[in-house]
Each structure stands twice: as C-alpha cells, then as structure tokens.
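Structure at a glance
Okay, here's what each chain looks like letter by letter:
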Amino acid sequence: MFSDIGALELVTLVVLAVLIFGPEKLPKVIQDVSRFIRKVREFSDSAKADIRSELGPEFKDFEFEDLNPKNFIRKQLAENEDLKELNELRSTFDLKKEMNEVADAVHGREPASSSSVPTSVNGSPDLLKKQDKPAADERPPYDSDAT
C-alpha cells in the first residue's frame, strides 16, 4: 500500500503526526486508523464476494483488475488462440506503404510500386487515376445537381 513512500517521507509523516496529535494521543490515533483501514478492507472484500456470487458460476475467475481496459485487452489477447493469425495480419499490413500510395493518389502521381490498380471496380470509375485534361474546344461535364 505504501510502497512508493521513501524513508525521508516516512520520517516526515511521523514527525508531523507527533506534532499534530502529541505523544499521548498518537497510539490511540494509530489504533483507530488501523481499525478503520481493516474495516474498509473487510467491506471491500465482502462487496467483491457478493458481486461474484451474484454474477454466477460463469464468472468465477472474474477479477476486478480486469476492468482496467489495458489489463482486459492484454488478458483477452493472451488467451486468444488466433494470436498467430493476428501477428501474421499485422506483419502483412505496411502502414508506410499505404500512406505513400494514398499521398501519390492525392497528388496525382503514379504509385511507386508496380501494383496494378483496376480501372473500374464494380462498374464505377477509378477515382485514383488522374483524369486527362479536356481539349480546348471541349466543355467540361455539367452536373446540374452540383450547381
């Protein structure tokens, strides 16, 4: 409970306690505080036991520390048998390559990789391909819904 308190801090707390409560009342205060901490722990343990009993037998291995999102995800991934598949999937996805392809498409450059992009997907035009400029006498397409 007090694992992060150093020796100097502990001495400071003892000196402050002696100054505030006095040497006559200090043993009584220490007993009262320890009794209070013990009752809080008992109350907490009984509340946890009540919650576990109410949840039923399927939650017998439930730990309240698992409610911390980091611990919950770590436990679920550790128990997951498909962890190898997840690692394989993670290794096949190259974020830098994907970002470069998107940047090339936005700037109208040809992608650095030689991967072929289909000209149409399900009958729709390829939006990544740079469109040719119309000739000087050709009018651009008119979209009545856009105006």
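From a predicted model like this one, the values you see are computed outputs, not experimental measurements. (Residues numbered from 1 in each chain as written. Predicted model: local features only at pLDDT ≥ 70, side-chain atom pairs only at ≥ 80, totals over all residues. Heavy atoms only, no water.)

Moving on: the overall build of the protein. Secondary structure summary: the protein contains 4 helices and 2 strands in total. Here the protein holds 147 residues, and 5% of them are scored as buried. When contacts within the protein are restricted to residue pairs at least 6 apart in sequence, long-range pairs at least 24 apart make up 6% of them. A total of about 13,900 Å² of accessible surface is found on the protein, and carbon and sulfur atoms cover 59% of it. (Helix = DSSP H or I, 4+ residues; strand = E, 2+ residues; numbered from the N terminus. Buried < 20%, exposed > 50% of the residue type's maximum accessible area, 1.4 Å probe, protein only. Contact = heavy atoms within 4.5 Å. Areas by Shrake-Rupley, 256 points an atom, 1.4 Å probe, with all protein chains shown as cover.)

The subject of this paragraph is the confidence of the model for the protein. Reading predicted coordinates in detail is not appropriate for stretches of low pLDDT. Looking at the protein as a whole, the pLDDT averages 77, with 73% of positions reaching at least 70. Low pLDDT (under 50) marks residues 114–119, which in the prediction has 6 contacts with non-local residues, meaning those over four places away or in another chain. (pLDDT = per-residue confidence, 0-100.)

Here we take up the pattern of salt bridges. Taken as a whole, this structure holds 2 salt bridges when the rule is applied. Salt-bridge contacts for Asp32 lead to Arg35; the nearest nitrogen and oxygen are separated by 3.2 Å. Note that Asp32 and Arg35 are positioned in helix H1 (residues 7–55) at a spacing of 3 residues, about one turn of the helix. Among the charged side chains, a salt-bridge network with shared partners connects Lys28, Asp32 and Arg35. (Salt bridge = Lys/Arg side-chain N within 4 Å of Asp/Glu carboxyl O.)

A few words now on a nonpolar patch on the surface. Judged by side-chain polarity, Val11, Val15, Leu16, Leu19, Ile20 and Phe21 come together as a nonpolar surface patch covering roughly 590 Å² of accessible area. Position of Val11 relative to the elements: it lies in helix H1. (Patch = residues over 30% accessible without salt bridge, like charges linked within 9 Å, V, L, I, M, F, W, Y side chains within 5 Å.)

For the rest of this paragraph, the subject is H1. Helix length check: H1, at 49 residues, gives a terminal C-alpha distance of 43 Å against a target of 72 Å (1.5 Å per residue), a shortfall beyond 12%. Along H1, the positions that sit buried rather than exposed are Ala17, Gly22 and Leu26. At the exit of H1 stands Gly56, carrying a positive phi of roughly 100°. (Expected span 1.5 Å × (residues − 1).)

With that settled, consider helix H4 (residues 95–107). Three- or four-residue spacings in an α-helix give side chains the same orientation, since the helix completes a turn every 3.6 residues. In this model H4 runs 18 Å from its N-terminal to its C-terminal C-alpha over 13 residues, within 8% of the 18 Å that 1.5 Å per residue would give. Following H4 by one or two positions, Gly108 adopts a phi angle in the positive range, close to 80°.

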